[in-house]
Amino acid sequence: MPQFIKHSNLRTRSRVGVPSAWAPGRILPAAVATLRDLVVSNSPVKSYIMWIDGVGAWQLYAGSSFSIGAPTFESSSADVTLLANISRRHATLHYESDHWRVTADHLTTVSGRTVDSAVGLRSGDQLCLADRVKLGFRVPSKLSSSAVIDFESNHRPAHTVDGIILMVDHCLLGPRCDQHICCPDWPDIVVLYVQHGSLYCRSSLPLNVDGKLVSASFPLKHGAVVDGEGLRFRIEEIR
Amino acid sequence: MKFTFVPEASPLEGYTIKRAIHRGGFGEVYYALSDSGKEVALKLLNNNLQVELRGVSQCLNLKHQNLVTIFDIREDRDGDHWIVMEYIGGRGLFDELQRHPNGIPIEETLQWLSGITAGLSFLHDRGIVHRDLKPANVFRDQDTVKVGDVGLSKYISESRRSAQTQSVGTVYYMAPEVCHGRYGREVDVYALGIILVEMLTGQVPFDGETTAEILMKHMTAEPDLSAVPEQLREVISAALEKDPNQRIQDVEELEHRFRDVANAMGPSDFSIPPRKRPASKRPPRPEPASQPKPRVASDLGNQSKHGPETTAVVTEYWNKLPVPVKWIVGGVVVVMVLETGLVRHLTSGASLGISVYLGYLLARHFFGSKTTVQSEPASSSQVRPPVAAVQEPGTVSVPPVTTPHQEQPGPVPQKPQRHRLGRKLGGKAVCLNPATPRVISKRHRFSDLTNSLSISLTATFLVTLGVYMTTSLLPQVVHAVYFGSVTMMGAWALMILCKIREGHTGDVMIRRLTQGMLGLGIGFLAAGLQYYLMLSGDPLFEAPKSIGASWVIGRVHIADGTGYPTMAAFMSFFGVLFAARRWWWQTDSFRTSRFRISSTLFTLLVGAVVAGILHFPGTLGATWALAISAVVQLSAGWTPPEERLPQQEIPSTNVSEAMAANMQSGEQVPAAST
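Keep in mind that this is a model prediction, so the values were computed, not measured.

Novice: Looking at this model, I keep getting lost on the overall build of chain B. Mind explaining?
Specialist: In terms of helices and strands, chain B carries 21 helices and 15 strands. Here chain B holds 674 residues, and the buried ones make up 55% of them. Residue pairs in contact within chain B that sit at least 24 positions apart in sequence constitute 72% of those at least 6 positions apart.

Set out below in C-alpha cells:
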C-alpha cells in the first residue's frame, strides 16, 4: 500500500492556471506530495511514449522547458516535434516559478494575442503557431502543474498520439477527466513522476511490471509493461 | 478490460502491436506498427469466423476515400486470421455526439452527412448494403469522414433482398423491416435518418429500457421529431417511414433534400430547445455490456400471449429469491426428498400425473386437433421464421428465410419459435444461450472439454462427499466410491457428448436419443461395477416396491421380483434419465448461470420419477440424478454473459448452411482512439 499523507501537511503555492485552493483533508499519494517539492532540473527534456490499452497513446516530456518545432534530421531538433510547416524551433514553453509562459522565435499567438517575447499561459489557452498549427493548452489537475497539449488542428508528431503531456512534476492517469490522461475504465489513479533522472510510477493498486508484482513505488525502465486489474500500459523512452 | 496480446507482441510477421484499441463486435482491434513504422489497425477475428473472413475478402479491394481501407488479411502461426486495416486516429461521430449532448452544429452535421453519403452511395452502387450504420462506425481522419464496419454488409442484388440469414445493426438505428428479414438499401437510409436526428438533437428518436421496447417503437411508434427544426421534419419523416417502399429510396436523395432545406434555413432556425432527456438514458459507451439487454423480436407481440401464468408467477417468484435463500431451499428440498421417504410418494404421484397427462394428450389428439390447425396455419411458421435470434447486445439476428426469393409482403403475425432465447429470467433477458448457434474452434472446444473433465474429478469428489456426509444413503466408503465412480462416468459421458455438440443446433429428439444411448452404456457400467465391487444384493440397491413384482418387456426383465434392480433396470434408468433432460442446457458455456439450483432440483425430481417408474431404488436414482446434474454444472466450462462474444454466433439452424448461404462483404473495424 502506498504511503498516504494528508494534504493539509503540504506546503501550497499559488500558480498560474492552477488554483491553490486544495480541498482540505484530501488524501494524496505520497508521490504527489513529495513531487510538489521536487526540483525539476534543467537537464535536457526526457521524452517517453505511453501506449495505453483501450485508451490511446500519449507522448510524455519530462522537464521544465519544452521547445516546439518541426522535425529535423539533426540532433538539435526541438523537444516536441510536429509534422507541420513551422520552424525547427518555433516556440518554447517554460514552467518557472509556478507559472507557465511561452516564448516565441517565430509567429505565435496565444488565444489570439501575438507573442512578442514572452506571454503567460493559462489553462484553456489556444496556441497557434504560424497561423495554422493550433494546439490546446490545459492544466487539468489541481494537484499538478503538468500541462496537456491537445491537437486542435490536424498537426501531430510523426506517430499518431492522442496528446502530449508536459510533465513538470507528475502525470496522473486515472478514471477522472481532471487527470492528465483520462482512462475511464481504470479502477484508480496511477501517478508517474521523475526522480533522480528516472521515471517512476506509484499507485495504490496492485501492479505488475513485466509480470512481476511490485511495491507501491517503482522505477519504469524503457519498455516496461505495467499491468493491473483492468489496466495495462507500456512505457518507451524515446531518447 | 484485458486483451489477448501484450504490447510488443508480434503475432503477425512484420507488425508489432503497440497497444490494444478496443474489443469490437467481431474481435479485438490493436494498434500496430509495421517494421518500417507504418501505423495500422490489426483486427483479430474470433474463432476464425469463416463467414466474416469471406465477407472481408469481398471488400478487400474496395477503394473509396470515405470507407476505411482494408490492406490485407493474414493468418498467424496459430492459424488465427487478422485483418490489417487503415488506422484512424481521429475522433469518431460517436465521440462527437458525446461531446455535444444537445446536438452537433449544423455545419458539422452537413460535413458528416456528406462523407457518410459518399461512402454509402459507393457501397450501394456495388450492391452492398452496410446494415450496421451507427455513429460508432463513422470516423473522421483529418477532415475526411470514413465509414467502417462494412463487414456486416450484405450483397443486395434484387433477387437476394430478403434472402439473407442475418440481421444486424444496433437497435437504435435498425429499420423496422430488418425484423422481417428484409434488407434493402432503405435500411441504411433509415439508419442515416436516425443518425441525422441524433446529430440535430443529441437524442435518438426511439429509445427505451430494452431492445424489445426500442424495436417495438421502430415498428409501431411515430418518431418524436419535436426537437428537430420544423423545416427539416418532413425530410426526416420521409427517411424514417416504416414502409421501406414509402421511404426515401437512396442516401443521396436524403442528403440532397436535407441539404437543400438546411441551406435555406437561417442560423436561428437551429436553436433547438434541449429536449427533456427520457428516463432511460443511452449508454455512455458502446460496449455491449452497457447496451440494453437484447431480446427476441417476437417477444414484442407475444409477451403475454403464451405460457401458463402460474408457471410464470412461480418462476418470477423463484428468480426474485436471493441466491443464499435459493441454496437453502434447494438443500431443504433435497433432504426432504431423499431422507423422508418422499421419493416413494413422489414417484407414485408423478406416475399418476403422467398417466393422466398422457390420457389428456390422447384425448386432445383425437378431439381437439382441428382447432389447433385452424388457429395456426402451418405455412406461417415454415415460410418465415420471424424470430430475431439475439446476436449481440444491441444487435439482432434473424434466422435464414427458407424461401429466398420471396418478397416480404409486410409485417406478419409472428410465432415465437425460439422464444426461450429472449425469455426474461431473473429480471434480465438471456442474450446468448445454449441454443445460440456458433462456431467454436477445435482447439477451443478441446481445451474447454479437457478443463471441464479435469474439474469434474474434484466436483465429483465434493458432491459424493456431500452425499456421504449429509445423507444415510451411502453407509460405507465402498458405497461412496461406487456412487462417485458412476456419477463421474455419467458426468463425463454427458459432458463429452454435449461439449462436442456445443454451438451446433440440431434435432432435439436426436440429441435426446443419443444421450439415452449413452445412458444405457452408463447403466451397463454401473451394473457391472456393482458386481465388480461385490455390492450386488447390498441394501443400497433395495427397492422394496419391486419385491415380488416382476416386469418383463419381451425378453428383458426390468424387475425380477427380488427387489434388486436388474441390469436392464440400471440401463433403462440411466437411459431414460439421460434422455429425459436437455443436459446440454446444463453443460453449455452459454448456460444461464454456472450453477442453477432449480435445474438441479428438477433433475432430482426427474430421477426420482424415472426410478419409481422403472422399479429402480428411488433414493439412489434421485441422488444420482442430483449428483450428475451438480457435477456437470460445476465442472462444465461457463462463459459469463458479459463475455459472450456475439461474433461466435451464426444465426442459422445449420452452421454449414449458414456459411454457404452467407454472401458477406467485409467488416472493417477502423481504429479510432477512445
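Novice: How should the sheet that holds strand 22 (residues 217-219) of chain A be read in this particular structure?
Specialist: Residue and element names in this part refer to chain A. Taken in spatial order, the five strands line up as 17-16-18-19-22 in an open sheet, and their pairing is mixed. Edge positions in the sheet fall to strand 17 (181-182) and strand 22, since each of these pairs with one other strand and no more. Alignment of strand 16 (residues 170-174) against strand 18 (residues 190-195), held across four bridges, turns out to be antiparallel. The partner of leucine 173 across the bridge, within strand 18, is valine 190.

Novice: Could you clarify how one ought to interpret the nonpolar core in this entry?
Specialist: Note that soluble globular proteins tend to have their nonpolar side chains buried in a common cluster. In terms of nonpolar packing, the biggest core is built from 106 residues, with Leu93, Trp100 and Leu166 of chain A together with Ile236 and Phe258 of chain B touching the most fellow members. For this core, the leading source of residues is helix 4 (residues 186-201) of chain B, giving eleven residues. Apart from residues lying up to four places away in sequence, phenylalanine 258 of chain B is in contact with Ile106, Thr109, Leu110, Leu113, Leu196, Leu200, Leu232, Val235 and Ile236 of chain B.

Novice: Explain the environment of methionine 509 of chain B to me, please; I cannot follow it from the model alone.
Specialist: All names here are of chain B. Following the sequence through the fold, methionine 509 ends up in helix 16 (residues 508-532). Residue classification places methionine 509 among the exposed positions, given a relative accessible area of 51%. C-alpha of methionine 509 to C-alpha of arginine 582: the two residues are 73 residues apart in sequence and 9.9 Å apart in space.

Novice: Quick question: what am I supposed to make of helix 6 (residues 230-239) of chain B here?
Specialist: At 3.6 residues per turn, the α-helix brings residues three or four places apart onto the same side. Residues and elements named next belong to chain B. Along helix 6, the positions that sit buried rather than exposed are Leu232, Val235, Ile236, Ala238 and Ala239. Relative to the axis of helix 6, the buried residues are bounded by an arc of 160° and lie together on one face. Seen from the open side of helix 6, the exposed residues pointing more than 90 degrees away from its buried face are Glu230 and Glu234. Buried residues along helix 6 sit in contact with helix 4 and helix 7 (251-264).

Novice: Looking at this model, I keep getting lost on the interface of chain A and chain B. Mind explaining?
Specialist: Many descriptions give the size of an interface as the accessible area lost when the pieces come together. Contacts between the two partners involve 21 residues from chain A, matched on the other side by 22 residues from chain B. Along the contact surface separating chain A from chain B lie two salt bridges. Across the pair glutamate 8 of chain B and arginine 234 of chain A runs a salt bridge whose closest N-O atoms are separated by 3.1 Å. On inspection of chain A and its partner chain B, the count reaches seven residue pairs in polar contact (both at pLDDT 80 or more). Among the secondary structure elements, those contributing two or more residues to the side of chain A that touches chain B are strand 3 (46-52), strand 4 (56-62), strand 23 (225-228) and strand 24 (231-237) of chain A. Ranked by residues supplied to the side of chain A that touches chain B, first place goes to strand 24 of chain A with four residues. Broken down by class, the residue content of the side of chain A that touches chain B amounts to seven nonpolar, seven polar and seven charged.

Novice: What exactly am I supposed to notice about the state of the cysteines here?
Specialist: Two cysteines whose sulfur atoms are joined by a covalent bond form what is called a disulfide. All names here are of chain A. Counted under the stated rule, the structure contains zero disulfides over all chains. Cysteine 201 carries a free sulfur, and the closest cysteine sulfur to it, the one in cysteine 171, is 9.9 Å from it. The buried category is assigned to cysteine 201, whose relative accessible area is 0%.

Novice: What is the right way to read the environment of valine 333 of chain B from this model?
Specialist: All names here are of chain B. As for its position among the elements, valine 333 is in helix 10 (residues 323-339). Residue classification places valine 333 among the partly exposed residues on the basis of a relative accessible area of 26%. A C-alpha to C-alpha distance of 7.8 Å links valine 333 and leucine 601, two positions 268 residues apart in sequence.

Novice: Is there a simple way to think about unusual backbone geometry in this case?
Specialist: Apart from glycine, the bulk of residues carry a negative phi angle, and the bulk of peptide bonds sit in the trans form. Of note in the backbone geometry, aspartate 98 of chain A takes a positive phi value of approximately 65° without being a glycine. The topology assignment puts aspartate 98 of chain A in the loop between strand 7 (91-96) and strand 8 (99-104).

Novice: Even after reading the chapter, I still don't get the sheet that holds strand 7 of chain A, so can you show me in this structure?
Specialist: Strand pairing in a sheet is mediated by backbone hydrogen bonds. Such pairs are either parallel or antiparallel. Residue and element names in this part refer to chain A. The five strands are arranged 6-5-7-8-11 in an open sheet whose pairing can be described as mixed. The sheet is open, and its two borders are formed by strand 6 (80-81) and strand 11 (118-121), each paired with just one other strand. Across two bridges, strand 5 (residues 65-69) lies against strand 6 in parallel orientation. Opposite isoleucine 68, over in strand 6, you have valine 80 as the bridge partner.

Novice: Explain helix 3 (residues 106-125) of chain B here, please?
Specialist: Helix length check: helix 3 of chain B (20 residues) gives 27 Å between terminal C-alpha atoms against 28 Å at 1.5 Å per residue, within 8%. Directly after helix 3 of chain B, the chain includes glycine 127 of chain B, whose backbone phi takes a positive value near 75°.

Novice: Sorry if this is basic, but what is going on with the packing of helix 17 (residues 567-580) of chain B against helix 19 (residues 597-613) of chain B here?
Specialist: Helices that pack against each other are described as a pair by the angle of their axes relative to one another and the distance between those axes. All names here are of chain B. Contact geometry for helix 17 and helix 19: axes closest at 10 Å, N-to-C directions at 145°. For the pair helix 17 and helix 19, the crossing hand works out as right-handed. In contact with Phe573, Val576, Leu577 and Ala580 of helix 17, helix 19 contributes Thr603, Val606, Gly607, Val610 and Ala611. A class-by-class count of the residues in the contact of helix 17 with helix 19 yields seven nonpolar, two polar and no charged.

Calculation notes
- Residues numbered from 1 in each chain as written.
- Chains lettered and ligands numbered in written order.
- Predicted model: local features only at pLDDT ≥ 70, side-chain atom pairs only at ≥ 80, totals over all residues.
- Heavy atoms only, no water.
- Helix = DSSP H or I, 4+ residues; strand = E, 2+ residues; numbered from the N terminus.
- Buried < 20%, exposed > 50% of the residue type's maximum accessible area, 1.4 Å probe, protein only.
- Contact = heavy atoms within 4.5 Å.
- Pairing = 2+ DSSP bridges.
- Core = buried A, V, L, I, M, F, W, Y, C linked by side-chain atoms within 4.5 Å.
- Arc of directions from axis to C-beta.
- Salt bridge = Lys/Arg side-chain N within 4 Å of Asp/Glu carboxyl O.
- Polar contact = N/O pair within 3.5 Å; in protein donor to acceptor, adjacent residues only side chain to side chain.
- Nonpolar A, V, L, I, M, F, W, Y, C, P; charged D, E, K, R; others polar.
- Disulfide = S-S within 2.5 Å.
- Expected span 1.5 Å × (residues − 1).
- Axes fitted to C-alpha atoms, helices over the stretch in contact; angles between N-to-C directions.
- Left-handed = near helix turned anticlockwise from the far one by under 90°.

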